Amino acid sequence: MFKGSLSENIQSSLSGLRFASTKDNSVAADKGKAIDAADTFFGMPELQEQIQVAHVPTQCAAGCLALRVPDPPTSAPPAVVNISKDGKIAAVGGKDVELFLWSTETGELLSTLRGHETSWTSSNDNSFFVTTQEDSKVVVYDADPIQMRQLLGHPDETLTCCSVSLDDLFVVVGGADGSIYSWDTETGSDYRQYDCGHDGPVSTAMCYPMPDGSHVIISCGKDHKIVVWDLETIKQLYTIEVTELGHAKNVGYHISRDHIQVLVWCMDSVPFPNLVFVDPLSGNRACVHCHGGAVMHATFMKQASRIVTAGGDGKAIIWDTETLEPCMTLEGHKGAVYSCAVNEEGTSIVTGGEDCTIRVWNAEDGKQIRMMLAQNDPIRFCSYAKSPVESKIITCDNVGRVHVWSTVVEVLNSLLRRFADALSCVTTSSDNALIAAGCNNGRVMLWDTKARTNVWEFTHHTGRVEDIAFNTLREMLVTSGQDGHVVVMSVKTGKQVKQFLTGSEPVMRVIFSPDDDRLAGLCDGSVVLFKVDQEEVLPALTLRTGAGRVVSLVWSPNSKTVLGSCSDGNVMVWSASTGSIFSALNGDAATTCLSVDLVGKVLAVGNVLGRTKIYVLETSEQLLELRSNASAVREVIFNQDTTRLTTVCSRQAITWDLATAAQVRVFDFVVEKGDSYFHSVPDRVRACYCHWGSILFDHESETATFDMVPPEDHLLRSQYLSDTRGIISGNTGIRRIILWSAADAPLPDKMHTTHDAITSCHFSADDRLLAMGTQDGSLIVYDTMHNDVLEVIQAHLSGPCKCVRMSHDAKYVLTSGVDGSVLLWDWRERETGQQYY
């Protein structure tokens, strides 16, 4: 037994086990050095000496679906939230805190700027970026490597906006007193100042190259004026006053990148026209009253042929630019829509709103493609990277939490939808650049997520492909099949490199060791080991247990041991070199899954009772037990620094804080009747997903995406899609996507149990659960959605259970027996709360 409080004991036990990401993350990246330097049989050597204590974060929570930037201080929300045109750099922070530049590909901190930055923008060719500071300095930085190129200037007024010309030759900034300033980006010596254009702060400005080689500047101010300047001569070419919004207080502007056109809107609820289109060169203009009076945001689509607006009425509307006639309405948000953006190709629209969701729409037909949820706060900003190759989305909520959504979201959703009736297993490479999929007919496919193309497709098995995995260096791919074969193939060509045989039994699981020298497979309740370079086709070692069957396996990070969880509740630890049992951890219920943290010190084991046990591997000591999953645990995953653990069952995912054993957040995968996603703002701890289709959940960034496109054929079936399952990224098991689907889970007409005759039954209020009493006195709680028995309780020992009733919240079941007793059961805890006689 532990002495002291639970929190103190857990923190003390984990203090020496955590892996802290440092600015130089070479320890985690270069596995070979860490393995060679290992001084213990379990895991890697202690890394505490390498932890760098700093007042700034060194890495983001880089999940498979999204990159989660570290939360900002509560007293200083970010003044800058932007993404480079190629989608590779995210700039977050500034003004009262440092401006952090993050790599959206690795999550690493690229640079920290400490100039109280108020704006950040990258060049169109991504070779440099420009910042403005609170003390009015304008600075140009080289992007690769990130270093200061030159200080362009230091105007005498506060700067309010900044932009780079479309040909990257000039930098243009606007000031709070109404002046405009420009510099050439090469030398910074070609300086000009443009005065007397605005009577107040400049909201935005843009510089355009003209066909004759000259440049013009479009500036928009809070005085409701749009001014066109000749950059070289500093002359005002046109001045347009937006009289339609003359009485508006809060006005927003957007200038088209393709043509010199301007959108103006009023963010207050007003009775007069609140959306105005202006073409400063031709003088054409149009106005309309929309969204019930409040336009929250507006933007041009590709070639400025159409306009997208986000309104306080919960709608986004696509308009014809010249006539301002509505073309289509995008409906789905439950609350105001605060922001909208269009991708570079003009094919997709992203919106963020009061209901805390980010939604992606098809620009052609207005249908919703997917919905994303990161935090339980309204989304105030969303934007696409301008590169057609990197279709990444950056979002920020009202609290200042920032997420960058990966391209793999779109590709995975499309792949799962397209091959819903064929897929049997899916995995991604550690950098998310490749997706490999196995099919029910034995075919193996490789997809490039950036190019969105099929790289190759070959048949390597005569039956279903049961599992698939990349090696660490992403050079090889291994598959295991129903035919009992294990096939190693080249990622580059897709051709077979090696083939191993296990017999006639299917190989249900296969993974590379972290050093890529061995393979471990799960076959007929035993673990089989192969050396990748061995000549023999039969296993080099077969690891067996005493009584139970192995149901899940994992490698230790140093590749010296293999861990397997068994059906009898035990966890076996084998030596990978000799096959001998090194140690055994005893459990009280059949295990279902297990996972080792990145350092190799802590083990998490899930079981059929919905509980997860945490062990210290070196001492075989049970650290704690987590109880709350609604059914058998299917997946357990540590985050990269071992501070949190995610446990997943067939209907929910729970994120735990390991230091306190407290639930951080509960993600319920729930199917409800009707088409309502959120009727109110979700609770900060529990997020209920009401959706009929598939959900991708990322444990590292704590984000989820919903595939909103209905399948063309509702009869499509898939062995893979019909269950909650993890998609492993790389071969460490640390980064993983959880896939849950309700599309193939119809309500069954028959509910099979292994117990005596049913004497009574009662449905829960939402029809998801069914309580049943039996002739032998048992109480059975049944999940009608997944056709699964959740709990079996011996409620009455002296005779049949005559009647059962489930409470409205489905937490309690009331049972009565022939013995005259009436019992109130907390069925999840298997305890009686009240007894009546």
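Model, not experiment: these values are computed from the prediction.

Visitor: What's the story with the sheet that holds strand β41 (residues 496-501) in this structure? I'm lost.
Guide: In a beta sheet, neighbouring strands are held together by backbone hydrogen bonds and run either parallel or antiparallel to one another. Reading across the sheet, the 4 strands line up as β38-β39-β40-β41 and stay open at both edges, with antiparallel pairing between neighbours. Both edges of this open sheet fall to β38 (465-470) and β41, since each of them pairs with a single strand only. Taking the axes of each pair of neighbouring strands and ignoring which way they run, one obtains an average angle of 15 degrees across the sheet.

Visitor: How should the confidence of the model for the protein be read in this particular structure?
Guide: As a note on interpretation, predicted positions should not be read in detail where pLDDT is low. Scored by pLDDT, the protein has a mean of 84; 87% of the residues are at 70 or more. Below a pLDDT of 50 lies the segment residues 18-54, which in the model reaches 70 contacts outside its immediate sequence neighbourhood of four places, other chains included. Per-residue pLDDT stays below 50 along residues 671-682; that stretch engages in 30 contacts with residues further than four places along the chain or on separate chains.

Visitor: I would appreciate a short explanation of the side chain of Ser526 in the present structure.
Guide: With respect to the secondary-structure elements, Ser526 resides in strand β44 (residues 526-531). For Ser526, a relative accessible area of 12% translates into the label buried. Once you skip the residues sitting within four places of it in the chain, Ser526 turns out to touch Gly521, Thr542, Leu543, Arg544 and Val550.

Visitor: Before we go on, may I ask you to explain the pattern of salt bridges in this structure?
Guide: What the rule picks out here adds up to 25 salt bridges. In this structure, the salt-bridge partner of Asp199 is Lys225, at a minimum N-O distance of 3.2 Å. On the criterion of sequence distance, the pair formed by Asp199 in the loop between β14 (192-194) and β15 (202-209) and Lys225 in strand β17 (residues 225-230) is long-range, its members being 26 residues apart. Between Arg443 and Glu457 there is a salt bridge; the shortest N-O distance is 2.9 Å. One end of the pair, Arg443, is in strand β36 (residues 443-448); the other, Glu457, is in strand β37 (residues 453-459), and 14 residues separate them in sequence. Among the residues examined, Glu457 registers a relative accessible area of 32% and is labelled partly exposed.

Visitor: It is not clear to me how the sheet that holds strand β10 (residues 146-153) should be interpreted in this structure. Could you clarify?
Guide: In space, the 4 strands of this open sheet follow the order β7-β8-β9-β10, with antiparallel pairing throughout. In this open sheet, the two edge strands, each paired with only one partner strand, are β7 (117-122) and β10. On average, each strand axis in the sheet is inclined to that of its neighbour by 25 degrees, with strand direction left out of account. Across 5 bridges, strand β8 (residues 128-133) lies against strand β9 (residues 138-143) in antiparallel orientation. Note on β9: the bridge partner recorded for Thr132 is Val138.

Visitor: So what exactly am I meant to see when it comes to the packing of aromatic side chains here?
Guide: Each aromatic ring pair is described using two quantities: the centre-to-centre distance and the angle formed by the ring planes. Per the stated rule, a full pass over the model turns up 12 aromatic pairs. Here Trp183 and Tyr191 contribute two aromatic rings whose centre-to-centre distance is 5.5 Å and whose plane-to-plane angle is 35 degrees, an arrangement assigned as tilted. Each ring, one from Phe277 and one from Phe300, has its centre 6.3 Å from the other, and the planes form 75 degrees; the classification is edge-to-face. Linking Phe277 in strand β21 (residues 275-278) with Phe300 in strand β23 (residues 295-300), this pair joins segments that are 23 residues apart in sequence. Classification of Phe277 as buried rests on a relative accessible area of 3%. Feature note: the residues Trp120, Phe129 and Tyr141 constitute an aromatic cluster, connected by ring pairs.

The rules behind these values
- Residues numbered from 1 in each chain as written.
- Predicted model: local features only at pLDDT ≥ 70, side-chain atom pairs only at ≥ 80, totals over all residues.
- Heavy atoms only, no water.
- Pairing = 2+ DSSP bridges.
- Helix = DSSP H or I, 4+ residues; strand = E, 2+ residues; numbered from the N terminus.
- Axes fitted to C-alpha atoms, helices over the stretch in contact; angles between N-to-C directions.
- pLDDT = per-residue confidence, 0-100.
- Contact = heavy atoms within 4.5 Å.
- Buried < 20%, exposed > 50% of the residue type's maximum accessible area, 1.4 Å probe, protein only.
- Salt bridge = Lys/Arg side-chain N within 4 Å of Asp/Glu carboxyl O.
- Phe/Tyr/Trp six-rings, centres within 6.5 Å; stacked < 30°, edge-to-face > 60°.

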